[in-house]
Amino acid sequence: MLLVATLSVERASAQHTLSITGGTGASYARFYPTEVTKWLWGCENFGLSWRFYSPKPRFVGAVGADLEYMQRGYSFGYAYSTSTDENGMEKREYSFYTRRLNSIMLPLVWQPHVYLANKHLRIYLEAAFTLSYNFGGNYEYEDTGERGDYTWSNVRDNRLNYGLAGGGGFALLFGRYEFGVRARYYFGYADILRNRNKYY
């Protein structure tokens, strides 16, 4: 969820907006072969957002680009202990390895929208193609408490990623200023590790 504060500049019948964005979210990864995983909460993000609203009737909506710092990551169970419940069924309790990635994200956005309340409220959807670069991060082992900065290796780690994103939100318009809230879901297509079988 992102809180968005926007300063807009009008040129003729078109409009440019520049926003400062910030928020928090959750991250998840899929593993092959399948691992026991869980959502990683508290991933921070902030950045700048630019939109161009074309004069009607050329098209409805806006196009733009964002430049974001984004935390992503994953948690998977690497060790477990077993116990028996009151029904005699085996239970497994996992210890999780957690890794956070710091990324620079560049979404290229299309934003269809409608105005309400005499153009004081904009409700919109978003679709985006994203490019990102991973540059840092940290790790933690739950059972031992070991943690530290993650050491990147260009042979093992994939720094570049691409994907799609979608979401929506609303903005309250106060003359040349806006304040809004949006939610966005990112889906990355590139692998985080180049060869997981080799680098277990």
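Every chain's residues receive numbers from 1 upward, in the order its sequence appears when written. Local features in this predicted model are restricted to residues whose pLDDT is 70 or higher, and side-chain atom pairs enter the listing and the counts only when it is 80 or higher, whereas totals over whole chains, interfaces and linings include all residues. Side-chain numbers here rest on the full set of heavy atoms in the structure, without hydrogens or water.

**A few points about the overall build of the protein**
Working step 1: Helix and strand content of the protein: 0 helices and 11 strands.
Working step 2: For the purposes of this entry, the term helix denotes a DSSP run of H or I that reaches at least four residues, the term strand denotes a run of E that reaches at least two, and both are numbered from the N terminus. For the protein, the α and β elements follow one another from N to C terminus as β-β-β-β-β-β-β-β-β-β-β.
Working step 3: In this scheme, a residue with accessible area under 20% of its type's maximum is buried, one over 50% is exposed, and one in between is partly exposed, where area comes from a 1.4 Å probe on protein chains only. Relative to its 200 residues, the protein shows a buried fraction of 41%.
Working step 4: Any two residues having at least one pair of non-hydrogen atoms within 4.5 Å are treated as being in contact. Of the contacts formed within the protein by residues at least 6 apart in sequence, a portion of 63% connects residues at least 24 apart.
Working step 5: All accessible areas in this document rest on Shrake-Rupley with a 1.4 Å probe, and a residue is counted as covered only by the protein chains that are shown. In the form shown here, the protein has an accessible surface area of approximately 12200 Å², with 59% of it arising from carbon and sulfur atoms.

**Considerations on the packing of aromatic side chains**
Working step 1: Pairs were defined over the aromatic rings of Phe, Tyr and Trp, the Trp ring being its six-membered one, requiring ring centres within 6.5 Å. Orientation was assigned from the angle between planes: stacked under 30 degrees, edge-to-face over 60, tilted for the rest. All chains considered together, the criterion is met by 17 aromatic pairs.
Working step 2: Taking the centre distance of 5.1 Å and the plane angle of 35° together, the rings of Phe46 and Tyr69 count as tilted. Residue Phe46 is found in strand E4 (residues 40-53), and its partner Tyr69 is found in strand E5 (residues 62-84); the two are separated by 23 residues along the sequence.
Working step 3: On the basis of relative accessibility, which here comes to 47%, the residue Phe46 falls in the partly exposed class.
Working step 4: Through a chain of ring-to-ring contacts, three or more aromatic side chains come together here, namely Phe31, Tyr74, Phe76, Tyr78, Tyr97, Tyr139 and Tyr141.
Working step 5: Looking at Arg99, its charged tip hangs above the ring of Tyr150, at a distance of 3.6 Å from the centre. Should the NZ of a Lys or the CZ of an Arg lie within 6 Å of a ring centre and within 35 degrees of the ring normal, that charge is described as sitting over the ring.

**Focus on the side chain of Ser132**
Working step 1: Mapped onto the fold, Ser132 is located in strand E8 (residues 121-141).
Working step 2: Side-chain polar atoms of Ser132 contact the side chain of Arg72, separated by 3.1 Å. Polar contact criterion, stated in full: a pair of N or O atoms within 3.5 Å, where within protein one must be able to donate a hydrogen and the other to accept it, and residues adjacent in sequence count only if both atoms are side-chain atoms.

**Description of the pattern of salt bridges**
Should the charged atoms of two oppositely charged side chains come close, the side chains can pair.
Working step 1: What makes a salt bridge here is a side-chain nitrogen of Lys or Arg within 4 Å of a carboxyl oxygen of Asp or Glu, nothing more. Per the stated rule, a full pass over the model turns up 12 salt bridges.
Working step 2: For Arg182, the salt bridge goes to Asp66, with nearest N and O atoms at 3.7 Å. Highlighted residues: Arg182 in strand E11 (residues 177-188) and Asp66 in strand E5, separated in sequence by 116 residues. The pair Arg182 / Asp66 is uniform in exposure class, with both members buried.
Working step 3: The partner of Arg182 in a salt bridge is Glu68, with the nearest N and O atoms 3.3 Å apart. Here the residue Arg182 occupies a position in strand E11, and Glu68 occupies one in strand E5, the gap between them amounting to 114 residues. With respect to burial, Arg182 and Glu68 carry one shared label: buried.
Working step 4: In the salt-bridge network here, residues are joined through shared partners; they are Arg51, Asp66, Glu68, Glu126, Arg182 and Arg184.

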